Amino acid sequence: MSAPAPRPSYAAFFRIPHTRHTFTAALIGRLSYGMVSLAVMLSVTEATGSYAAAGTVMALFGATSVLLSPVRAALIDRHGPRRALIPMASLYATLLAALATAAWRPGTPAPALGALAVTAGACTPPLGPTVRALWGEVIEDNRVLQRAYSLDGIAEEILFVSGPLLVGAVVQYAPPAAALALCALLVWAGTLAFVLSPAVAGVRPAVTKPVARPGRRFRDGRALRQPVVVAAGVGLSVGAVDLLVMAYATRHHHGNDVVAWVLAALSLGSALGGLLNGAVDWRTPARARLPLLAGGLGLALAAAGLAPDLGTLTVAVACAGFFVAPALTTSYLIADEAAPPGRRTQAGAWVNTAVNAGSASGTAGVGLLVPVLRDRGSRGGGGGRALGAGCSCGEGVARSLQGYARADPRPLGARGTARPATDHPQ
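As the structure is a computational prediction, the values presented were derived from the model and not from experiment.

1. Some words on the packing of aromatic side chains
Stage number 1. With the rule as written, the count across this model stands at six aromatic pairs.
Stage number 2. Look at F13 and W135: their rings are 4.9 Å apart centre to centre, the planes differ by 85°, and that puts the pair in the edge-to-face class. Of the two residues, F13 is situated in helix α1 (residues 10-14) and W135 in helix α7 (residues 127-138); the sequence distance between them amounts to 122 residues.
Stage number 3. Pairing Y33 with Y92 gives two aromatic rings, centres 6.4 Å apart and planes at 70°, and the pair type is edge-to-face. With Y33 in helix α2 (residues 19-48) and Y92 in helix α5 (residues 81-103), the pair connects residues that are 59 residues apart, well separated along the chain.
Stage number 4. Residue Y33 is classed as buried on the basis of its relative accessible area, which comes to 16%.
Stage number 5. Feature note: the residues F13, F14, F23 and W135 constitute an aromatic cluster, connected by ring pairs.
Stage number 6. Here the guanidinium or amino end of R132 rests over the ring plane of Y332, the centre of that ring lying 3.7 Å away.

Here it is, written out as structure tokens:
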């Protein structure tokens, strides 16, 4: 009897030819996404002098960027990363540069800025889904693929923490529009370096592959339902936490620096959870693990809502973060397994869209909820009740998805166990 294969480490991912260059290039392009929201907000505010105009432009930019992501991903699946991403990134970078130019000097009409922002958002290259789809194509061992997805999630967490810091550094010495111009440069350079990687050159577009019949994509959508719903719940919870921590700090007379530290604890917990999740060779199927991860997130956030003081809140939020990256990584892995040949990018894009839409909905919903709870909670604890009310959705998502995990007609194999190469979608 042959000896079992040794457990691969994270280094096994980087030993695959060309992955280091490809991974780094994609991170350069995706750094732009960590910067662009704040850069657009500051640039439009500087140009118009109106926070309302800036919020509207930012909402329009985010809506077109998020909601059209599956459509752009379909173009990449159909035509391949090289043929689709280069014109997409070039157009997006050009429009961002035009928006930066228009916002450089005050007085530009808000409708003109909004039109540029909407058009740019519609062209946003889906680098994240494309990178994850690439790893699914080039990595045969599912244990290494799990580590690749975990590294991707951790890197994304770091980018979205460091992006606003980089914008802050730029605006110390230049107008906010300069940060927007830097976003354009980063996304174009990073995308170009990514698509020129030899690893990307080996990816065949869907027009050269057998694809599922049009009426039966993703098994009529049922296979994607669980990861998409959980991803939306995670995004909703995280989006709610951001604003609710601010409300908690304001109610208890803490400064903005306290908010930054609590949210940093959320990111740190997410990074640690992602590292641990990727390092474990799970025997439990991914579809069974996902409701447990969502339930853990919901329980941790419910505990945060009952926190009596700032220290307890910080620890509870960090514990909640411990489930964020594993839940999203597992969602992406399930989507990748569910995708028929030639539709990997679309599958990942649906999960990505759910996260971003959930986050925006969580922030918007809590913006309406906090004033009501604040008025009703005048005798103290209102901030904690707001936190618990706004963030307990993860537990509800977990309960609702227990049925999906049991009733799925074709349960997927557990990630973390090697699958024969012939069973890996080509």
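The structure having been displayed, the exposition proceeds.
2. As for α7
Stage number 1. Between its first and last C-alpha, α7 extends 16 Å over 12 residues, near the 16 Å set by a 1.5 Å rise per residue.
Stage number 2. The buried count for α7 comes to 10 of 12 residues, which makes it a mostly enclosed element.
Stage number 3. Residues of α7 that are buried: L127, G128, P129, T130, V131, R132, A133, L134, W135 and G136.

3. A short note on empty space enclosed by the protein
Stage number 1. One pass over the full model with this rule turns up two cavities of 30 Å³ or more.
Stage number 2. Quantified by volume, the second largest cavity comes out at close to 40 Å³.
Stage number 3. For the second largest cavity, the full set of lining residues is R132, A133, Y149, Y332, A335, D336, R344, A347 and G348.
Stage number 4. For the lining of the second largest cavity, the elements supplying multiple residues, two or more each, are α7, α14 (310-338) and α15 (344-376).

4. What to know about the confidence of the model for the protein
Stage number 1. For the protein, per-residue confidence averages 80 on the pLDDT scale, and residues scoring 70 or more make up 79% of the total.
Stage number 2. Of all the helices and strands in the protein, helix α17 (residues 393-407) carries the lowest mean pLDDT, 44, while helix α9 (residues 176-195) carries the highest, 95.
Stage number 3. Contacts from residues 211-217, a stretch scored under 50 in pLDDT, to residues over four places away or in other chains number eight contacts.
Stage number 4. Note that residues 378-383 has pLDDT below 50 and, in this model, nine contacts with residues that lie over four places away or in other chains.

What counts as what
Residues numbered from 1 in each chain as written. Predicted model: local features only at pLDDT ≥ 70, side-chain atom pairs only at ≥ 80, totals over all residues. Heavy atoms only, no water. Phe/Tyr/Trp six-rings, centres within 6.5 Å; stacked < 30°, edge-to-face > 60°. Helix = DSSP H or I, 4+ residues; strand = E, 2+ residues; numbered from the N terminus. Buried < 20%, exposed > 50% of the residue type's maximum accessible area, 1.4 Å probe, protein only. Lys NZ or Arg CZ within 6 Å of the ring centre and 35° of its normal. Expected span 1.5 Å × (residues − 1). 1 Å grid on protein atoms, 1.4 Å probe; cavity = no way out; pocket = protein on both sides within 12 Å on 5 of 7 lines; lining within 4 Å. Points joined across faces, edges and corners; volume = space filled by probe spheres on them. pLDDT = per-residue confidence, 0-100. Contact = heavy atoms within 4.5 Å.

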